[in-house]
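Remarks on the overall topology
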Amino acid sequence: MEKITIIGSGGSGKSTLAKQLGEKLNIEVFYLNKIWWINDKDHISDEKFLEIQKNIIENKKSFIFDGYYPDTLDLRLKASDTIIFLDFPPVTNLKRSVKRSLTEKNNEDDPSLDRTEKLNKDYISWLLNFDKNERDKILEKLNKLKLEKKIVIIDNDNKKDLFLQSIA
């Protein structure tokens, strides 16, 4: 496990798991929300976003990508030896997103804190419809890669804890 991509809905715990894995494995984490967003309203171009990811893949011996971003997902999946899909229920992800928005303070020194996900109608709708709109596409991609990549699907906190404990 040297080239890892962590995907899932907002609120599924991608950034937290990425940070924990990065510390355990001594691998640099690339938080895609931090790359994509310039501020709360503006983001970099699609071309620049793709270029940055390609640069990381080409120039880093190891990496952990944290983020779904379907338009560039295939690039990351192809480059990764391990793909972790956090497949928690939408209501769980919504609860975590609400809790995060209410409890986390903006701390620029902690790159795992994500200040870009505003709790608005569009974001909540995306969270609640993630299973219907995105999940099958993800599982189809992972099914095609299961013979050549390590695929880890985590759908509850106990499995996440066991997975973390299993890593030396």
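Look up: the structure comes first, before these words.
To start, this report covers the structure provided alongside it. Since the model is a prediction, treat every value here as computed from it, not as a measurement.

1. Notes on the sheet that holds strand S5 (residues 150-154)
Read across the open sheet, the five strands follow the order S2-S3-S1-S4-S5; overall the sheet is parallel. The sheet is open, and its two edges are formed by strand S2 (29-31) and S5, each paired on a single side. Here the average twist between neighbouring strands, direction ignored, is 15°. Sheet topology places strand S1 (residues 3-8) next to strand S4 (residues 82-86); five bridges connect them, and they run parallel. Looking at S4, one finds that Ile 4 is bridged to Thr 82. Helix H1 (residues 14-25) rests against S1, S2, strand S3 (63-66) and S4 of the sheet, and its axis sits at about 160° to S1.

2. Concerning the nonpolar core
Judged by nonpolar contacts, the single largest core of 17 residues is most densely connected at Ile 6, Leu 21, Ile 64 and Ile 84. Going through the elements one at a time, S1, H1, S2, S4, S5 and helix H8 (157-165) are the ones with two or more residues in this core. With residues up to four places along the chain from it excluded, the contact list for Ile 84 reads Ile 4, Thr 5, Ile 6, Ile 7, Leu 17, Leu 21, Val 152, Ile 154 and Phe 163. Counting twelve residues, the second largest nonpolar core, distinct from the first, contains Phe 30, Ile 44, Phe 49 and Phe 65.

Cut-off values and rules
Residues numbered from 1 in each chain as written. Predicted model: local features only at pLDDT ≥ 70, side-chain atom pairs only at ≥ 80, totals over all residues. Heavy atoms only, no water. Pairing = 2+ DSSP bridges. Helix = DSSP H or I, 4+ residues; strand = E, 2+ residues; numbered from the N terminus. Axes fitted to C-alpha atoms, helices over the stretch in contact; angles between N-to-C directions. Contact = heavy atoms within 4.5 Å. Core = buried A, V, L, I, M, F, W, Y, C linked by side-chain atoms within 4.5 Å. Buried < 20%, exposed > 50% of the residue type's maximum accessible area, 1.4 Å probe, protein only.

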